[in-house]
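What follows is the residue order along each chain.
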Amino acid sequence: MRQDQGTPGASFMANDTAGSIRVRFAPSPTGHPHVGNIRTALFNWLFARHGGGTFLLRIEDTDTARRVEGAVESITDGLQWLGLDWDEGPVFQSDRLPLYRDAADALIQRGAAYRCFCTPERLEQVREDKARQHLPPRYDGRCRDLDPAEVSSGITSGTPSVIRFKTPRHGETTFEDLIRGPVTFENATLNDYVLLKSDGYPTYHLANVVDDHDMRVTHIMRADEWISSTPLHVMLYSSFGWNPPQFAHLPMILGPDKAKLSKRHGATTVIEYREQGYLPEALFNFLALLGWSLDDKTELFNRNELVKAFTLERVGKTAAVFDRTKLDWMNGVYIRALDIEEFAHHAMPFLERDLPESVPRPIDRQYARRVLTLLQERTKVLSEVAELSTFFFEDAVSYPEQQLIQKGMDASKVQQVIRTVLAAVDGLEKWEAETLESSIRPICEQLGLSPRQVFGVLRVAVTGRTAAPPLFDTMEVLGRSHCLSRLTIAYRRMEDSWSAEIG
RNA sequence: GCCCUCAUCGUCUAGAGGCCUAGGACGCCAGCCUUUCAAGCUGGAGAUCAGGGGUUCGAAUCCCCUUGGGGGCACCA
């Protein structure tokens, strides 16, 4: 069977025996990758895997000031956690400095770039002037046509300088975006961008173009915040005499306030999602649906289905708001789909981490497994598993005693229920849900109470909660002695309440 | 301010001229199930397809304008 037509790029590449698809994820190590970055990585990965291509990882560490310790590990951890494996790299741009310097020099030779000695102070001044005149804050081109003698004297005297691109003052630059179609910019609205900084490091623009060419990248898929610098990149390719890759600018991911997603929107990094108990498959699935869809109904995809279904022409143009509630739902779906061993495997670390300190460690795995069985369909995120189950692990349970008294009952009635249950359960051979139920349920009728009332009393007595897993299953897992003692305690508390009422 | 870009329920989206009195999902509401909570099932509210002009026998779908949102305008990426 033939693969589907794929993307314009894919069908183009199909005729190009020289190379298959090569895409890259190229983050800068300035912090933990957030979901927007990772979504970009995911789309690149899906595109590569769908087309049998290559997925590269490149670290754009050309900003020495913003570099953050541990960021690279954070990036690779995040990718690995989501199962986004890369075929080449990571390549570090900081290891390739000579490449960019040579490239910048070559551009100067060709008259496509020039050296600029303007100080940061002067640039600031220029910006202010432009702002005052309500003009775009662009470089004024003072060094654009410097006398060669001035340039060489500047260099020999060691004056700090940068290399700027000599952006044409006329004409326009157009590129074909795979997602948006043709995009055109007036060259006159563009800046003389810095290519090589005074510290010898390239800017993003230069390094990006040089590397994508050097690494034979066929498709650049990145967030659409990059659209405005694409004309420069196109001009760079052309100045170097290289064929540009294809461009596909992905819609952005927004916060609930519709602004570009950032830290102030709360949890945004992949690590945070892991720590809050989201399953990688769920986040993977959810992220894939932010800016891409298959049809009008399918939402649940596993990894392979996504790889098979993913194409660029199904990528949308509109920015998407990251909706946590829907992620929660989807995570619940994935949690419920786990078999109990898998669920226990995922949940154990959260119990170890989040259960009260008073609970002895390590947590008894066999017991926890039984507890978790009751919790699975009730959990949306793993981080709530401890909270949902503390009463299974702590010795005593606390609650306002009023909660024992169900609607239409009083303290003495509650006592009657507990007394009767205690008696009924006394000689029980097996402390199992089934036998518990068959001995307790008849008590409702016997005392003229509803199951809701009777079970309600027992639930609060035994779990300290008004909401918990099914009562008899809970009692079975909790065990005879805990149940009995908690029932007894509840009985005594009603005693106090009873005498308090009388007195 | 200038440039680019986007525009369907609160949110994610389907829709590539007649199948749309606009479909699905999350969330919300109600009912069922039921010992509570979940889960599940059923039903419901929710979008005059941003507004206005065209084109067409016919427009959410094509064109133009307006408005609104987003992004960019650094020796950051």
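Refer to the structure above for everything that follows.
Since the structure is predicted, the reported quantities are computational estimates derived from the model, not experimental observations.

Topic: the overall build of chain A
Thinking step 1. The number of helices and strands found in chain A is 20 helices and 12 strands.
Thinking step 2. In terms of overall size, chain A is more extended than a compact globule, its C-alpha atoms giving a radius of gyration of 33 Å where 503 residues would be expected to give roughly 23 Å.
Thinking step 3. Based on the C-alpha atoms only, the size of chain A along its principal axes is roughly 105 × 60 × 40 Å.
Thinking step 4. Buried positions account for 49% of the 503 residues belonging to chain A.
Thinking step 5. Considering only residue pairs separated by 6 or more positions, chain A has 77% of its internal contacts joining residues 24 or more positions apart.
Thinking step 6. Taken as a whole, chain A presents about 24300 Å² of accessible surface, with 51% of it coming from carbon and sulfur.
Thinking step 7. Mean positive and mean negative side-chain charge positions of chain A (58 and 69 charges, respectively) differ by 3 Å.

Notes on the protein's contact with RNA strand B
Thinking step 1. Around RNA strand B, 66 residues are found, and the nearest of them are Lys197, Glu299, Glu377, Arg459 and Ala468.
Thinking step 2. Of everything in RNA strand B that lies within 4 Å of the protein, sugar and phosphate atoms constitute 73%.
Thinking step 3. A distance of 3.0 Å is found between a phosphate oxygen of RNA strand B and a side-chain nitrogen or oxygen belonging to Ser293.
Thinking step 4. At 3.2 Å, a side-chain N or O of Arg336 approaches a sugar or linking oxygen of RNA strand B.
Thinking step 5. Breaking the surface near RNA strand B down by element, the ones donating at least two residues are α5 (120–132), β5 (162–165), β7 (181–186), β12 (320–321), α12 (324–337), α18 (451–463) and α19 (471–478).

Remarks on helix α4 (residues 97–109)
Thinking step 1. Taking 1.5 Å of rise per residue, the 13 residues of α4 would be expected to cover 18 Å, and the 19 Å separating its terminal C-alpha atoms lies within 8% of that figure.
Thinking step 2. Along α4, the residues that are buried comprise Leu97, Tyr100, Ala103, Ala104 and Leu107. End-on, the buried residues of α4 take up no more than an arc of 130°, which puts them together on one face. Of the residues in α4, the exposed ones pointing more than 90 degrees away from the buried face are Pro98, Asp102 and Gln109.
Thinking step 3. Elements in contact with the buried residues of α4: β4 (113–116), β5, β8 (194–196), α7 (204–214) and α8 (230–240).

Rules of the game
- Residues numbered from 1 in each chain as written.
- Chains lettered and ligands numbered in written order.
- Predicted model: local features only at pLDDT ≥ 70, side-chain atom pairs only at ≥ 80, totals over all residues.
- Heavy atoms only, no water.
- Helix = DSSP H or I, 4+ residues; strand = E, 2+ residues; numbered from the N terminus.
- Rg over C-alpha atoms; globule rule 2.2 N^0.38 Å.
- Buried < 20%, exposed > 50% of the residue type's maximum accessible area, 1.4 Å probe, protein only.
- Contact = heavy atoms within 4.5 Å.
- Areas by Shrake-Rupley, 256 points an atom, 1.4 Å probe, with all protein chains shown as cover.
- Lys, Arg positive; Asp, Glu negative; His and termini not counted.
- Charge placed at Lys NZ, Arg CZ, Asp CG, Glu CD.
- Near = heavy atom within 4 Å.
- Polar contact = N/O pair within 3.5 Å; in protein donor to acceptor, adjacent residues only side chain to side chain.
- Expected span 1.5 Å × (residues − 1).
- Arc of directions from axis to C-beta.

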